[in-house]
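What the coordinates show
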Amino acid sequence: MPGRKEKATRRKDGRYQCYYHGKYFIGPDEQEVLRERAEYRARELLNLREAARPKTVRQYAAEWLPLHRGGVAPKTYADYACQLNALVEAVGDKYLSEVSPDDAARVWKRYADYSASTIKHATQLFRALFDSAMENDLCQKNPFRAKTAKPPQGTSGTH
C-alpha cells in the first residue's frame, strides 16, 4: 500500500523478522532484515524481467531440447539436435513471436529432397517446440501448424 511503512517485528529472542512472499527474513537488527528483504525483492523483480524478455528461436531451442527431449537414446537426441540445427540456420535469430508461416515454408524448402519419415519427425519436433513456446507465452501462434506452411511430401521407399 502507498504510504505504508515497512518495518520488522521484534521476536521474543530479541531478533527481528519480517515476512515477504512466503519467506521469513530474520536478523539481529531491523535495518539488516529490511535490507535482506529489499535485496530479495530486487532479485525477484530481475528474475521476472528475465522471464518476460523475448527469446530467439536459437535461445529457446537450446533450452528446450534438453528439457523436453532429454530422456531419449543418444542417437535420437542427436537426430533431434540435427533437425533443430536446420531450423536455427533458417530462422535462429528471429524472436519466437516473429516467426511466420512464410519462415516455416522457407524451412520446409530445405527438406525437399528428404525422406517422408525425416520430414514427419521434423514436423512433429518443430510443432512441439512452438507449442511449448505458446504454452510459455513466448508466441501467439504456431507457424508450423499454418495451412500455408505445409511440409513437402518427401520420398518414400523401403529400407
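Rules used in this analysis
Residues numbered from 1 in each chain as written. Predicted model: local features only at pLDDT ≥ 70, side-chain atom pairs only at ≥ 80, totals over all residues. Heavy atoms only, no water. Phe/Tyr/Trp six-rings, centres within 6.5 Å; stacked < 30°, edge-to-face > 60°. Helix = DSSP H or I, 4+ residues; strand = E, 2+ residues; numbered from the N terminus. Buried < 20%, exposed > 50% of the residue type's maximum accessible area, 1.4 Å probe, protein only. Lys NZ or Arg CZ within 6 Å of the ring centre and 35° of its normal. Core = buried A, V, L, I, M, F, W, Y, C linked by side-chain atoms within 4.5 Å. Contact = heavy atoms within 4.5 Å.

The next point concerns the packing of aromatic side chains. The final tally for this structure, using the stated rule, is ten aromatic pairs. When the centroid spacing of 5.5 Å and the interplanar angle of 65° are considered together, the rings of W108 and Y111 count as edge-to-face. With centroids separated by 5.1 Å and ring planes inclined at 50°, the aromatic side chains of F126 and F144 adopt a geometry described as tilted. Remark: F144 occurs in the segment after α5 (116–135) and F126 occurs in helix α5; sequence separation between them is 18 residues. Judged on exposure class, the residue F126 and its partner F144 are both buried. Here the aromatic cluster, defined as three or more aromatic residues joined through ring pairs, consists of W108, Y111, Y114, F126, F130 and F144. R69 extends its terminal NZ or CZ atom over the ring of Y80, reaching a point 5.9 Å from the ring centre.

Judged by nonpolar contacts, the single largest core of 28 residues is most densely connected at L84, L87, F126 and F130. If you list the elements that add at least two residues to this core, you get α2 (57–69), α3 (74–91), α4 (101–109) and α5. Considering each element in turn, this core owes the most residues, eight residues, to α5. Beyond its immediate stretch of four places on either side in the chain, L87 contacts V57, G92, V107, F126, L129, F130 and F144. Counting residues in hydrophobic clusters, the runner-up holds six residues, among them A8, C18, Y20 and F25.

This brings us to the environment of T155. Within the fold, T155 resides in the segment after α5. Taking the C-alpha atoms as reference points, T155 and Q83, 72 residues apart in sequence, are found 17 Å from one another. When neighbours within four sequence positions are excluded, T155 is seen to be in contact with Y114, S115 and A116.

Topologically, Q83 is positioned in helix α3. Among the residues examined, Q83 registers a relative accessible area of 12% and is labelled buried. Residues in contact with Q83, not counting those within four places in the same chain, are Y111, T118, A122, L125 and F126.

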